[in-house]
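Residue-level listing of the chains:
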Amino acid sequence: MSEQQPAPTADEAADAETTTDASEPTQTPVTTGAASVVRALENAGVEAAFGVQGGAIMPIYDALYDSDIHHVTMAHEQGAAHAADAYGVVRGEPGVCLATSGPGATNLVTGIADADMDSDAMLALTGQVPSTMVGSDAFQETDTTGVTAPITKHNYFASDADTVGDTVGEAFALAAEGRPGPTLVDLPKDTTMAETDREPGPARPPETTTPPTEADEESVDAAARAIERAEKPLLLFGGGVVKANATEEARTFAIDNGIPVVTTMPAIGSMPEDHELCLSWAGMHGTGYANMAVTHCDLLVAVGCRFDDRLTGGVDTFAPEAEVVHVDVDEAEISKNVHADYPVVGDAKAALDQLTEAVDDAPDAREWRQQCTTWKEEYPLAYATPENEPLKPQFVVEALDEATPDDAIVTTGVGQHQMWAAQFWTFTNPRTWVSSHGLGTMGYGLPAAIGAKLAAPDKDVVCVDGDGSFLMTIQELSVAVREDLDITVAVLNNEYIGMVRQWQDAFFEGRRMAADYDWCPDFAKLAEAFGARGFSAESYDEAADAIEDALDYDGPSVIDFHIDPAENVYPMVSSGGANGKFALSEDQL
Amino acid sequence: MSGEESTDAPEFEGPGMPGPAPEERPHPEGRRNTHGVRIDPEAEAKPRQRTAVVSALVEHEPGVLSRVSGLFSRRQFNIESLTVGKTTVDGHARITLVVEETDAGIDQVKKQLGKLKPVIQVGELDDDAVRAELVLLKVRGDEPDKVHAITQMYEGETLDAGPRTITVQITGDQQKIDDAVDAFRQFGIIEIARTGQTALARGDTPTTPGEEPGHSTEPKDSTYSDATDADDEPN
Ligand SMILES: Cc1ncc(C[n+]2csc(CCOP(=O)(O)OP(=O)(O)O)c2C)c(N)n1
Ligand SMILES: [Mg+2]
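In this text, all values refer to a predicted model and were calculated from it rather than measured experimentally. (Residues numbered from 1 in each chain as written. Chains lettered and ligands numbered in written order. Predicted model: local features only at pLDDT ≥ 70, side-chain atom pairs only at ≥ 80, totals over all residues. Heavy atoms only, no water.)

1. Section: the overall build of chain A
Inference 1: Each helix and strand counted, chain A has 23 helices and 18 strands in total.
Inference 2: The globule rule puts the C-alpha radius of gyration for 589 residues at 25 Å, and the 25 Å found for chain A is close to it.
Inference 3: Overall, the C-alpha framework of chain A stretches about 70 × 60 × 45 Å when taken along its three principal axes.
Inference 4: When burial is assessed residue by residue, chain A has 60% of its 589 residues classed as buried. (Helix = DSSP H or I, 4+ residues; strand = E, 2+ residues; numbered from the N terminus. Rg over C-alpha atoms; globule rule 2.2 N^0.38 Å. Buried < 20%, exposed > 50% of the residue type's maximum accessible area, 1.4 Å probe, protein only.)

Here it is in structure tokens:
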């Protein structure tokens, strides 16, 4: 059909019906509200959507029947939301998920909240009972706009069939505009069933929001002067660098000016981690050298980050000697958690170009760079591998990294395994680290891998999962099999809710309440039951073989790595503690 | 395949990770306060709260009030009052908020409000802004003369007077209303309803930045509008 054509303008679209030559292949004309919703998605360039059917959303699905949009039926709506989220992260455009009213919509909630916390562009479409029944506690009625108001950029209740397509287009555009985030359109069944022949216009953000622009010249100049005179400057790249597609600009700025770089977790890959200026990521389980640099810098140039508490530790001791330049597209982030001495409001890509232009002389930071290198040597990411000991998770991550191309995509659950993946995989490309940061959602990994693979079919996709996290969304394996997705789930199985066990040992006198499993399923067999390939590994040799076999297999596979259950994640900054006081072992906490 | 990250480093035996312990590292002296501002810990006092009147011009669509109030509860902004009403522009409403926050908190209130999709503009009113509040007071009707006198004193109005109760209305700034309420206590206040402050900027200053009057506020020139109406009519 017409998927490759540019989206028609409103006028063109309106004309289309009367002027289109009947001999040319054409889209089926809009006849209902539901059809105009689907047309709006097509106009916006949507190629895939993730969802689960149900009564109130059936008209939309019926309209999808006639569309080229690839609908992926997920096992659970939470999976649909995470898959859409990851699809969007990898593609750099809003992912789309669908669910019916009531339980369908509430099952999306975790995924929407996750996207909100990580500023991931996503559009959720939910069915709703007919508007004539709203408020009557009808079957499967939930106040979806009420429930999701605090976790969306904005949501809409679509009460008019003539405009519902435009509303969906607006919601799609708003999700991506400026600081991205999730939007939702609640679609009462009478709106989607109603007749209309109105073609929606192109996806356009609302008039009340301001599109991002270049930063104010004066603010850029002030920041540039501060950068020029800094002796210990440090760049902090946040997720905004990746979202604004500003990776090149950010790298250029760092390299041209010889400024060391730390990243936040969502920005992993924005600076190649094997670059000499890159100190990897800072924060609770960040590298020792990143946390030393943050603690001792005299100027912190933060781009597109929100100074989350997992990054800052206690704000009182965060970068305590540093003046702060804060570049952000969202003005409300400026001085929200950490005071910005030099605020720069604007799109990261434009602002970084402006800064590159405005800085005349690179700061004299030779000694500081030397200091950062020394810290790298002092605090290496190392781990012990005694002979015949249980498999170390860090080894598994490194082996997977070695066995896959540089642009392989890694998704994760939440817990120790997530931290090991972030620490021991060397990321060199943006949009290859796909994880749940702000919300910390166990179960994100597998559905995210599904979304990522559909977004980038040519790339290797590895989900580094935990046993606990995997069990939260394991049913999505059925989808990976059905869609024949070549993904590999690497379960770092410690038969523990490991991160909690680590905290119990450190802060609750080892009272391991509800953190260990009496019984853990055989993940390899489970994988086979789903129709995927299952492998398991207990030794280093088995691990190496399983990795080879699983990556060779052309379809979904699961490797159950039985890792050392006693292994803990370090370095660690205790909650609210000073980044510079990161512990390297339990006795230092 | 080697499990060691760094091959030239000496074999690391664990547990945890290698490197100098926290007490072996240098630690900077500097500190930040709760707002992330660098401070001298000796001299720093707690950031002080103040009262601000914030006006938000919004699209008058369903749910806008709940979005605004939801924002305040979610972000734990201290709100004293909230009033809302239509403006002269079709589809617009003004929400006037009285908030009690630190400077940084008030800054956040304004910026976070500005991010809500239905919010068109946000402004904080100067101290000289015109503010008013309305209170309805229902008091016992035992001493009608005295009630009347106090009502007059506060330039109020009697809205309802019966054998048992008298209801009066007082308008004015917050101080005046507070004083009036105190003055009426002697009669025994049965019920009270206050609207909370509403406000406009003084003189030519727009209440929210760039705010423009709606068409219906333009001085009505009947000849002009008749003429245009006539133009539209087919001859
Ligand atoms: C949905 C959800 N529930 C609970 C938690 C709290 N939590 C954080 S990490 C963790 C343990 C995760 O266990 P597992 O997936 O096995 O990872 P491990 O830490 O063992 O690597 C838990 C329960 C969470 N982050 N998300
Ligand atoms: Mg585990």
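2. Notes on the sheet that holds strand β2 (residues 70-73) of chain A
Residue and element names in this part refer to chain A.
Inference 1: Taking strand neighbours across the sheet as the criterion, the 6 strands line up as β2-β1-β3-β4-β6-β5 in an open arrangement whose pairing is parallel. Only two strands of the sheet have a single neighbouring strand rather than two, namely β2 and β5 (154-157). On average, each strand axis in the sheet is tilted by 20° relative to the strand beside it, whichever way the strands run.
Inference 2: Bridging between strand β1 (residues 48-51) and strand β3 (residues 95-99) involves 2 bridges; their strand directions are parallel. Among the inter-strand pairings, G51 is bridged to a residue of β3, identified as L98.
Inference 3: Running over the sheet, helix α5 (residues 103-117) touches β3, β4 (122-128) and β6 (182-188) and is turned about 165° from β4. (Pairing = 2+ DSSP bridges. Axes fitted to C-alpha atoms, helices over the stretch in contact; angles between N-to-C directions. Contact = heavy atoms within 4.5 Å.)

3. Some thoughts on the site of ligand 1
Residue and element names in this part refer to chain A.
Inference 1: Around ligand 1, the surrounding shell holds 17 residues, and the nearest of these are Q416, G440, D467, S469 and G498.
Inference 2: Taking N494, its side chain carries an N or O atom lying 3.0 Å from an oxygen atom of ligand 1.
Inference 3: With respect to ligand 1, the backbone of Y496 contributes an N or O atom lying 3.0 Å from an oxygen atom.
Inference 4: Protein chains bury 75% of the 580 Å² of accessible surface belonging to ligand 1 in isolation.
Inference 5: Looking at the shell around ligand 1 element by element, the count peaks at 4 residues for helix α19 (residues 467-473).
Inference 6: In the shell around ligand 1, the residues fall into 7 nonpolar, 9 polar and 1 charged. (Near = heavy atom within 4 Å. Polar contact = N/O pair within 3.5 Å; in protein donor to acceptor, adjacent residues only side chain to side chain. Areas by Shrake-Rupley, 256 points an atom, 1.4 Å probe, with all protein chains shown as cover. Nonpolar A, V, L, I, M, F, W, Y, C, P; charged D, E, K, R; others polar.)

That is the geometry; function is a separate question.
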